[in-house]
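Working through the structure, step by step
Residue strings, one per chain:
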Amino acid sequence: TRYSDDDAGSYAAALTYYWMTGEHARFGHMSVEVPIFLLLMTTLAFRARDAETLAKNPLDAQGIFRLACFGVALGLALIALLSPGHKAALDRITTRPLRFYYAYALVVLAGVTVSVFPLLTAFRWFEVVVPLFVLAGAYRSVGYEAIARIERMLYGYIVLLLGSVWLGVLLFPSLTVDRINSPIPYRIQGIYPGISSDSTGALGTLLILWTLGRMLRPRAEQPTGRAFGWAMVGFGFVSLVGAQYRTGYVALAVGLALLLVLLKKKGWATLAVAVALGFASFGGGFIADAQPYLLRGATTEQASRLSGRTTYWSLAIPEWRESPIVGGGLQTATRFEVLTQLEGGKQVQNIHSTWIEALVGTGVLGVAFLAASLFTTLRRAMVQALRGGRLVPALLLAVLTVRTLTGGSIEQGGDTSLLFLTLAMGLRDFIPGTRPGAEQVPPLALTRRAG
């Protein structure tokens with residue numbers, strides 16, 4: 001008997017459907033771990049591409065690989081969504097923050113019609129929308145347990161990425177360590193996969209606060225041994241200092257201050273504020289000594305311009321006025337119309353601000369939906385933590401919020417966006433069985449209850 005390619009494709013689709021809906025589906029790996037792994041693979045950069053290279057050939061080998069990963073992940077998500085739902089999926093498969101983000105994705109899609117590079121803008125929309133379907137499919141397949149499983153993967157992903165950076169430092173120091181004019185004369189980065197110094201510092205900051213949140217409220221979080229936990233805190237801190245990421249220093253300070261508030265350590269929080277005010281008022285000598293470390297070899301004037309970011313932003317506003325409602329295309333208008341105005345701007349990867357990128361790329365409509373998604377998620381995380389629930393979402397969202405000011409983050413696809421959307425998916429609109437107003441139940445607690 002001879003079989004055509006169509007027959008082979010049909011058999012493969014049927015086998016996949018059986019694997020996801022039959023007896024094997026009780027573990028849900030094909031609708032949780034596999035599509036999440038594929039999404040994480042798309043975030044790995046093995047070759048940097050400037051604007052000119054990207055414009056000439058957006059679908060090179062790396063682009064095709066990413067597109068294939070997105071396509072398979074989306075296919076698995078759609079099968080999960082079309083399959084019978086798990087009994088643990090007690091409510092709708094989205095949350096209010098995610099519905100705001102879906103609206104944001106629609107605005108990104110509308111930007112394709114006005115983009116100077118429609119194909120690239122469409123691909124950016126694909127990057128934004130596929131994680132939404134993957135998370136919805138994972139929740140429908142295994143319920144609230146999916147959130148804990150995805151978070152576990154993301155935590156391990158952060159550790160592995162930082163490990164790859166330090167492995168590169170040990171094996172290829174000439175490629176991974178930049179010399180700068182600073183009291184700490186070295187700044188680390190990853191080369192394979194490519195991870196910038198800023199991204200390395202951001203990952204270190206997330207690792208510190210994520211681990212502390214797990215350790216300080218273990219009954220509400222995934223268990224972490226104290227020895228392992230402190231090792232991860234130290235690993236994250238060394239990575240942050242090695243990257244010399246100034247926004248990361250600010251995010252860590254904000255996260256630690258928030259931690260004191262959430263733990264209701266009013267005395268310690270008051271002391272921390274008093275010490276900060278004391279240094280601001282009378283610690284001129286200490287500030288002068290610390291300034292070289294904070295400036296990272298830059299002059300005071302360069303630091304005041306946020307290492308050129310204010311120049312980028314000033315050029316972006318006129319471009320935004322050309323299409324103020326839906327923008328000119330996410331990560332397209334900024335990269336091909338704003339940054340190309342700079343000398344050497346083709347090598348600049350992004351405009352280094354979530355809100356400026358969203359404003360230029362998706363207009364005021366996109367910014368409004370994106371802000372609504374972020375701040376609704378942040379509010380729910382705060383309420384959850386103050387009521388004795390999980391600390392991790394509030395701490396991680398604090399870091400992401402600070403990062404939105406000086407870097408790309410939740411407005412685009414990628415690991416940062418996936419982390420944000422996972423947290424938003426976990427902060428449910430309503431969980432049956434809780435007291436009125438107590439909206440959230442920790443993933444592990446709900447899993448044990450269901451078991």
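Our subject in this report is the structure included herewith. If you're wondering where the values come from, they're calculated on a predicted model, not measured in any experiment.

A few words on the pattern of salt bridges. Counted under the stated rule, the structure contains 9 salt bridges. Taking the shortest distance from any N to any O, the salt bridge between Arg 390 and Glu 151 comes out at 2.6 Å. Here Glu 151 lies in helix 7 (residues 145-171) and Arg 390 lies in the loop between helix 17 (354-386) and helix 18 (392-406), a separation of 239 residues in the sequence. With respect to class, Arg 390 is no different from Glu 151; both count as buried. Residue Asp 429 pairs with Arg 380 through a salt bridge whose shortest N-O separation is 2.6 Å. Placement of the pair is Asp 429 in the loop between helix 19 (415-426) and helix 20 (443-450) and Arg 380 in helix 17, with a sequence separation of 49 residues. Each of Glu 33, Glu 145 and Arg 149 takes part in one network of salt bridges that share partners.

Take helix 10 (residues 226-243) next. Across its 18 residues, helix 10 extends 26 Å between first and last C-alpha, which sits within 8% of the 26 Å expected from 1.5 Å per residue. Burial in helix 10 covers these residues: Gly 229, Met 232, Val 233, Gly 236, Ser 239, Leu 240, Gly 242 and Ala 243. Where helix 10 is buried, its residues touch helix 7, strand 2 (186-188), helix 9 (197-216) and helix 11 (246-262). One or two positions beyond helix 10, positive phi appears at Gln 244, with a value near 50°.

Another point: the packing of aromatic side chains. Scanning all chains against the criterion turns up 7 aromatic pairs. Ring centres of Phe 70 and Phe 123 lie 6.2 Å apart, and the angle between their planes is 80°; on these two criteria the pair is classed as edge-to-face. Taken together, the residues Phe 70 in helix 4 (residues 61-82) and Phe 123 in helix 6 (residues 118-142) connect sequence positions 53 residues apart. Here the two residues Phe 70 and Phe 123 agree in accessibility, since each one is buried.

So, about the side chain of Gln 331. Relative to the helices and strands, Gln 331 resides in the loop between helix 15 (309-321) and helix 16 (333-338). Relative accessible area serves as the criterion here: at 13%, Gln 331 is assigned to the buried category. Sequence-distant contacts of Gln 331, defined by excluding residues within four places in its chain, comprise Arg 124, Glu 127, Glu 357 and Gln 412.

With that settled, consider empty space enclosed by the protein. Over the atoms a probe the size of a water molecule is rolled, and this reveals where empty space is left. The final tally for this structure, using the stated rule, is 2 cavities of 30 Å³ or more. Taken as a whole, the largest cavity holds about 80 Å³ of empty space. The wall of the largest cavity is formed by Leu 39, Leu 40, Thr 42, Thr 43, Arg 66, Phe 70, Glu 127, Pro 131, Gly 413, Gly 414, Asp 415 and Leu 418. Only helix 2 (33-42), helix 4, helix 6 and helix 19 provide two or more residues apiece to the lining of the largest cavity. Residues of the lining of the largest cavity, tallied by class, amount to 5 nonpolar, 4 polar and 3 charged.

So, about the nonpolar core. Buried together is how nonpolar side chains tend to be arranged in soluble globular proteins. In this structure, Val 130 and Leu 397 are the most contacted members of the largest nonpolar core, which totals 99 residues. Dropping the residues within four chain positions of it, Val 130 is found in contact with Leu 39, Phe 70, Ala 73 and Leu 74.

Right, let's talk about the packing of helix 18 against helix 19 for a bit. It is the contact of helix 18 with helix 19, at a shortest axis distance of 11 Å, that shows an interaxial angle of 145°. Judged by the sense of rotation from one axis to the other, the crossing of helix 18 with helix 19 is left-handed. Each of Pro 393, Leu 396, Leu 397 and Leu 400 in helix 18 lies in contact with helix 19, whose residues at this interface are Thr 416, Leu 419, Phe 420 and Leu 423. Across the contact of helix 18 with helix 19, the residue classes tally to 7 nonpolar, 1 polar and no charged.

The next subject is the environment of Leu 263. Tracing the backbone through its elements, the reader meets Leu 263 in the loop between helix 11 and helix 12 (266-282). Separated by 47 residues in the primary sequence, Leu 263 and Leu 216 have C-alpha atoms spaced 8.8 Å apart. Excluding residues within four positions of it along the chain, Leu 263 makes contact with Leu 216, Arg 217 and Leu 391.

With that settled, consider a positive patch on the surface. Together, Arg 92, Arg 96, Arg 379 and Arg 387 line one region of the surface with positive charge. Along the chain, the position of Arg 387 falls in the loop between helix 17 and helix 18.

This part is about the packing of helix 2 against helix 7. The relative placement of two packed helices is expressed as an angle between their axes plus a distance between the axes. Running from N to C, helix 2 and helix 7 cross one another at 35°; their axes reach a closest spacing of 10 Å. For the crossing formed where helix 2 meets helix 7, the hand is right-handed. Contacts between helix 2 and helix 7 involve Glu 33, Ile 36, Phe 37 and Leu 40 on the former and, on the latter, Arg 149, Ile 150, Met 153, Leu 154 and Tyr 157.

Moving on, we come to a nonpolar patch on the surface. Where nonpolar side chains cluster on the molecular surface, the patch consists of Leu 167, Leu 170, Leu 171, Phe 172, Leu 175, Ile 191 and Tyr 192 and spans about 770 Å² of accessible area. At 3 residues, helix 7 tops the list of elements feeding residues into the nonpolar patch. With respect to the helices and strands, the residue Leu 170 is situated in helix 7. The exposure class assigned to Leu 170 is exposed, which follows from its relative accessible area of 70%.

Conventions and cut-offs
Residue positions within a chain follow its written sequence, with the count starting from 1. Per-residue local features of the predicted model are confined to residues with pLDDT of at least 70, and side-chain atom pairs are confined, for both listing and counting, to 80 or more; whole-chain, interface and lining totals are unaffected and use all residues. To get the side-chain values, take all heavy atoms of the structure and skip hydrogens and water. Between Lys or Arg on one side and Asp or Glu on the other, a salt bridge is scored when a side-chain nitrogen of the former is within 4 Å of a carboxyl oxygen of the latter. Elements are defined by DSSP. Helices are runs of H or I of four residues or more, strands are runs of E of two residues or more, and each kind is numbered from the N terminus. Buried residues are those whose accessible area, probed at 1.4 Å on protein chains only, stays under 20% of the maximum for their type, while exposed residues exceed 50% and partly exposed ones sit between those limits. Here the expected span of a helix is defined as 1.5 Å times the quantity of residues minus one. Note on definitions: a residue-residue contact is assigned when non-hydrogen atoms from the two residues lie within 4.5 Å. Stacked, tilted and edge-to-face pairs are distinguished by plane angle, under 30 degrees for stacked and over 60 for edge-to-face with tilted covering the rest, among Phe, Tyr and Trp rings (Trp via its six-membered ring) whose centres lie within 6.5 Å. In the cavity and pocket records, a cavity denotes points on a 1 Å grid over the protein atoms alone where a 1.4 Å probe fits but cannot get out, a pocket denotes an open set with protein on both sides within 12 Å along at least 5 of 7 lines, and lining residues are residues with an atom within 4 Å of a point. Grid points are joined across faces, edges and corners, and a volume is the space filled by probe spheres set on the points. Three categories are distinguished: nonpolar for Ala, Val, Leu, Ile, Met, Phe, Trp, Tyr, Cys and Pro, charged for Asp, Glu, Lys and Arg, and polar for the others, with Gly belonging to the last. Note on terminology: a nonpolar core comprises buried Ala, Val, Leu, Ile, Met, Phe, Trp, Tyr and Cys residues joined through side-chain atoms within 4.5 Å. All axes here are fitted lines through C-alpha atoms, helices being fitted over the stretch that makes contact, and every angle between N-to-C directions spans 0 to 180 degrees. Crossings are sorted by hand: turned counterclockwise from the far helix by less than a right angle, the near helix makes the crossing left-handed, and turned clockwise it makes it right-handed. Like-charged residues within 9 Å of one another, or nonpolar side chains (Val, Leu, Ile, Met, Phe, Trp, Tyr) within 5 Å, are grouped into patches, provided each residue has over 30% relative accessible area and no salt bridge. The method behind every accessible area is Shrake-Rupley, applied with a 1.4 Å probe, and residues are considered shielded solely by the protein chains displayed. We treat Lys and Arg as the positive residues and Asp and Glu as the negative residues; His and chain ends play no part in the count. Where a charge lies is defined by one atom per residue type: Lys uses NZ, Arg uses CZ, Asp uses CG and Glu uses CD.

Keep in mind these values describe shape, not function.
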